[in-house]
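Below are the chains, spelled out letter by letter.
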Amino acid sequence: MNWTAPQPNRSDPPPLGDERVLLEAFLDHHRHTLQLKCAGLTPEQLVRRSAEPSSMSLLGLLRHMAEVERSWFRRRLGGEQLDFLYCDLDDNPDGDFDDTDPAHAEADYATYLREVELARAAAAGRGLDETFHHKHRDQEMSLRWVFLHMIEEYARHNGHADILRERIDGATGE
């Protein structure tokens, strides 16, 4: 059987809750929205690019967000010394988008899901006011900022995903 991207179990964020509950729920909603834009597509469809000269594709967005999840939650917040998954800042900074291959779509999708779970684990038990030092920006940043940034990052890229999905098969919405 040929692999297709699975259907996520997406629910709406709750209308009430404390700040942490709402931040986590909105971030998960956006994570599931990106997965929803990929659901049911074949590897070949997932690597279809938007329009020249862009290298953006749905699989590229998943790979990019795997890098982003890893960087903010594990590398920065958690202080883990981790390599990039798909990029090399010196020689291939856009490898997450440029080097997509349908033969690796299922593995790349699984990597994305694994990075989301590891990001959740890195944030678990930490307070929103907990800080870390961002070396490149040379400033202290809070977990609250990371949650808000991740929601913004997903919202922007989910807009890209809407357009990509509509170009592939005409599906819109959600």
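Keep in mind the model is a prediction, meaning the values are calculated, not measured. (Residues numbered from 1 in each chain as written. Predicted model: local features only at pLDDT ≥ 70, side-chain atom pairs only at ≥ 80, totals over all residues. Heavy atoms only, no water.)

An account of the packing of helix α1 (residues 19-38) against helix α6 (residues 143-169) is requested, with residue identities and associated values reported.
Packing of α1 against α6 brings their axes to within 9 Å, and their N-to-C directions diverge by 25°. In terms of orientation, α1 and α6 fall into the roughly parallel class. With respect to the hand of their crossing, α1 and α6 are arranged in left-handed fashion. Along the lines of polarity and charge, the residues of the contact of α1 with α6 split into 14 nonpolar, three polar and eight charged. (Axes fitted to C-alpha atoms, helices over the stretch in contact; angles between N-to-C directions. Helix = DSSP H or I, 4+ residues; strand = E, 2+ residues; numbered from the N terminus. Parallel < 35°, antiparallel > 145°, perpendicular 65-115°, else oblique. Left-handed = near helix turned anticlockwise from the far one by under 90°. Nonpolar A, V, L, I, M, F, W, Y, C, P; charged D, E, K, R; others polar.)

Describe the nonpolar core, listing the residues and the values that go with them.
In terms of nonpolar packing, the biggest core is built from 41 residues, with Leu46, Leu58, Phe73 and Met150 touching the most fellow members. Secondary-structure elements contributing two or more residues to this core are α1, α3 (58-77), α5 (105-123) and α6. In terms of residue count, the dominant contributor to this core is α3 (ten residues). If sequence neighbours within four positions are ignored, Leu46 has contacts with Trp3, Ala5, Cys38, Leu41, Ser57, Leu58, Leu59 and Ala105. (Core = buried A, V, L, I, M, F, W, Y, C linked by side-chain atoms within 4.5 Å. Buried < 20%, exposed > 50% of the residue type's maximum accessible area, 1.4 Å probe, protein only. Contact = heavy atoms within 4.5 Å.)

Summarise α3; cite the residues concerned and give the values.
If you check α3, its first and last C-alpha atoms are 27 Å apart, about what 20 residues at 1.5 Å a residue would give, namely 28 Å. Along α3, 19 of the 20 residues are buried, which leaves the element largely enclosed by surrounding structure. One or two steps after α3, the chain reaches Gly79, where phi turns positive at roughly 70°. (Expected span 1.5 Å × (residues − 1).)

Hey, could you go over unusual backbone geometry for me, with residue numbers and the actual values?
Backbone torsion omega between Glu52 and Pro53 reads 5°, so that peptide bond is classified as cis. Examined against the element boundaries, Pro53 turns out to sit in the loop between α2 (43-46) and α3. If you check the backbone angles, Asp138 has positive phi at about 50° while not being a glycine. With respect to the helices and strands, Asp138 occurs in the loop between β1 (131-134) and β2 (139-142).

Lay out the packing of aromatic side chains with the relevant residues and their values.
If you walk through the whole model with that rule in mind, you get four aromatic pairs. Relative to Phe132, the ring of Trp72 lies with its centre 6.4 Å away and its plane at 65°, an arrangement referred to as edge-to-face. A residue pair is termed long-range when its members are at least 10 positions apart, and Trp72 in helix α3 and Phe132 in strand β1 qualify at 60 residues. The exposure classification of Trp72 matches that of Phe132, with both residues buried. Taken together, a centroid distance of 5.8 Å and an interplanar angle of 65° make the contact between Phe73 and Phe147 edge-to-face. Of the two residues, Phe73 is situated in helix α3 and Phe147 in helix α6; the sequence distance between them amounts to 74 residues. A residue is classified by how much of its surface remains accessible, and Phe73, at 1% relative accessible area, is buried. (Phe/Tyr/Trp six-rings, centres within 6.5 Å; stacked < 30°, edge-to-face > 60°.)

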